[in-house]
Amino acid sequence: MLRILKILLVLSVASWGLLGAFGNIVDWSGTTGAVTAATSMTTFDGGADNWRATSNPAIILAGALAIVFFKSASAILCLTGSWQMWVARAGEASAFAKAKTYALAGCAVAIFMLFSGWIVIAETWFELWRSEVMREAALDAAFRYCGMIGVIALFVGMHDE
């Protein structure tokens, strides 16, 4: 039963990545708008005057593409991992543990993107924590996603009997 739950949780991370990447592509102006809001630092007083603030289209494009890339990579890795876990679900514990590799890598990619992209770059470098508008919409959501995916990765990574 726990193996099935682990597979379902990995599939939920894959769904997050697929739906997120799809939404970012379909609403490309919203995606680039969020990156622009973070990098331009215009959503809080004095931010736009900071030497770190930028509206460089290349940086905005790179940020938006990175979001789509990392969500897609996470989804593909988690889908691959969940399939391998499904195939190994009735086997030995060592086979099931080996089958978790791609699933855990997918979770790690998602955590990397959320932590490095939103917490390190957006919050720390571009001081998004100062923005009343973006704090809850971007940072709180990134923290929630990062935390939940981390808990899922810990549960999935636990030793199976």
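Above this note sits the structure.
Just so you know, these numbers come straight off a predicted model, no measurement behind them.

Undergrad: Looking at this structure, I do not really get the packing of aromatic side chains. What am I missing?
TA: Within a pair of aromatic rings, the relevant descriptors are the distance that separates the centres and the angle that separates the planes. Throughout the structure, instances matching the rule amount to 4 aromatic pairs. Between the aromatic rings of Phe69 and Phe70, the centroid separation amounts to 5.2 Å while the plane-to-plane angle is 70°, which identifies the pairing as edge-to-face. Residue classification places Phe70 among the partly exposed positions, given a relative accessible area of 23%. Geometry around Phe155 places Lys6 over its ring, the cationic atom sitting 5.4 Å from the centre. Lying across the ring of Trp86, Arg89 places its NZ or CZ 3.7 Å from the centre.

Undergrad: What's the story with unusual backbone geometry in this structure? I'm lost.
TA: For residues besides glycine, phi is generally negative; the peptide bonds are generally trans as well. With phi around 60°, Met41 is a residue other than glycine that occupies positive phi space. One can find Met41 in the loop between helix H2 (28-40) and helix H3 (57-88). With a relative accessible area of 0%, Met41 lands in the buried category. You will see that Glu127, though not glycine, has its phi angle at about 50°, which is positive. Tracing the backbone through its elements, the reader meets Glu127 in the loop between helix H5 (101-125) and helix H6 (132-157).

Undergrad: Would you explain H5 in this entry?
TA: Count 3.6 residues to each turn of an α-helix, and residues three or four apart come out pointing the same way. Along H5, the residues that are buried comprise Ala103, Gly106, Cys107, Val109, Ala110, Met113, Leu114, Ser116, Trp118, Ile119 and Ala122. Downstream of H5 by a residue or two, Glu127 has a phi angle that is positive, lying close to 50°.

Undergrad: How do you make sense of the side chain of Ser116 when you look at a structure like this?
TA: Take Ser116: it is sitting in helix H5. Residue class for Ser116 comes out buried when judged on its relative accessible area of 18%. At a separation of 2.5 Å, a polar atom in the side chain of Ser116 contacts the main-chain carbonyl oxygen of Phe112. If we skip the residues at most four places from it in the chain, Ser116 touches Ile111 and Ile121.

Parameters at a glance
- Residues numbered from 1 in each chain as written.
- Predicted model: local features only at pLDDT ≥ 70, side-chain atom pairs only at ≥ 80, totals over all residues.
- Heavy atoms only, no water.
- Phe/Tyr/Trp six-rings, centres within 6.5 Å; stacked < 30°, edge-to-face > 60°.
- Buried < 20%, exposed > 50% of the residue type's maximum accessible area, 1.4 Å probe, protein only.
- Lys NZ or Arg CZ within 6 Å of the ring centre and 35° of its normal.
- Helix = DSSP H or I, 4+ residues; strand = E, 2+ residues; numbered from the N terminus.
- Polar contact = N/O pair within 3.5 Å; in protein donor to acceptor, adjacent residues only side chain to side chain.
- Contact = heavy atoms within 4.5 Å.

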